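Commentary on secondary and tertiary structure
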Amino acid sequence: MNYTSTVLPTFIRQAASVFATVLAACLFALPALSANTPARYPAGMVVSANASSSAIGVEVMQRGGNAIDASIAVAFSLAVTHPTAGNIGGGGFLIRQDAGGGATAYDFRETAPAASHPEMFLVDGEYSRELHHLSHLAVGVPGTVAGLYMAWQDGGSLPWKE
């Protein structure tokens with residue numbers, strides 16, 4: 001077997017194919033990467049999954065808002081521009097660092113409804129997957145808006161309605 005004439009050209013063809021695939025993927029991804037470019041402001045930077053939402057955060061800071069105000073505006077904007085991000089119908093976390101270096105963590109995950117009880121997913125004493133995952137009883141109480149409001153109360157500078 002002639003290694004040079006048989007194996008090497010096959011290897012080169014395979015390598016060229018892989019290279020072409022990677023190059024095409026990179027070129028295809030460039031618009032997505034540029035859409036997620038951070039929005040910069042002299043006093044800070046806003047990064048989110050959507051350029052329009054990031055621009056809203058910068059606008060809030062230009063109007064005198066701080067990072068908490070910008071974060072809240074971006075979170076509400078992402079509910080429209082990137083609804084799969086979780087946002088107002090769900091829950092989340094926010095970590096805030098004050099000027100003195102102290103940190104505050106906000107945990108505003110979804111919670112169970114007030115009427116929840118240990119037997120609510122049982123049918124005739126047996127666990128029901130359908131009741132637990134596919135019924136109205138499976139719905140949690142969203143915490144995002146309350147959590148963002150709590151963070152705003154502790155550190156926001158603009159009026160909540162803005």
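So, here is what we can say about the structure in this document. (Residues numbered from 1 in each chain as written. Predicted model: local features only at pLDDT ≥ 70, side-chain atom pairs only at ≥ 80, totals over all residues. Heavy atoms only, no water.)

1. Quick notes on the packing of aromatic side chains
Inclusion rule: Pairing of aromatic rings covers Phe, Tyr and Trp, the last counted by its six-membered ring, and requires centre-to-centre distances within 6.5 Å; plane angles under 30 degrees mean stacked, over 60 mean edge-to-face, and any other angle means tilted. What counts as a helix is a DSSP run of H or I of at least four residues, what counts as a strand is a run of E of at least two, and both are numbered from the N terminus.
According to the stated counting rule, one finds four aromatic pairs in the structure shown. Taking 6.1 Å as the distance between ring centres and 80 degrees as the angle between the ring planes, the aromatic pair formed by Phe76 and Trp160 counts as edge-to-face. With Phe76 in helix H3 (residues 67-81) and Trp160 in the segment after helix H5 (144-155), the pair connects residues that are 84 residues apart, well separated along the chain. Here the aromatic cluster, defined as three or more aromatic residues joined through ring pairs, consists of Phe76, Tyr149, Trp152 and Trp160.

2. Things to note about helix H2 (residues 51-62)
Under the convention used in this document: Here the expected length of a helix is defined as 1.5 Å per residue gap, with one fewer gap than residues. Each residue's exposure class comes from its accessible area (1.4 Å probe, protein chains only) as a fraction of the maximum for that residue type: buried when under 20%, exposed when over 50%, partly exposed otherwise. Regarding the arc, it is the one traced by the directions from the helix axis to the C-beta atoms. By the criterion applied in these results, polar contacts are pairs of N or O atoms within 3.5 Å in which, for protein atoms, one can donate a hydrogen and the other can accept it, and in which residues neighboring in sequence qualify only through two side-chain atoms.
Here H2 is 12 residues long and its end C-alpha atoms lie 16 Å apart, about the 16 Å a rise of 1.5 Å per residue gives. All of the buried residues in H2 are Ser53, Ser54, Gly57, Val58, Val60 and Met61. Seen along its axis, H2 keeps its buried residues to an arc of 155 degrees; they face one direction. For H2, the capping residue at the N-terminal end is Asn50, with a side-chain oxygen 2.8 Å from the backbone nitrogen of Ser52. Within two residues after H2, Gly64 carries a phi angle of roughly 105 degrees, on the positive side.

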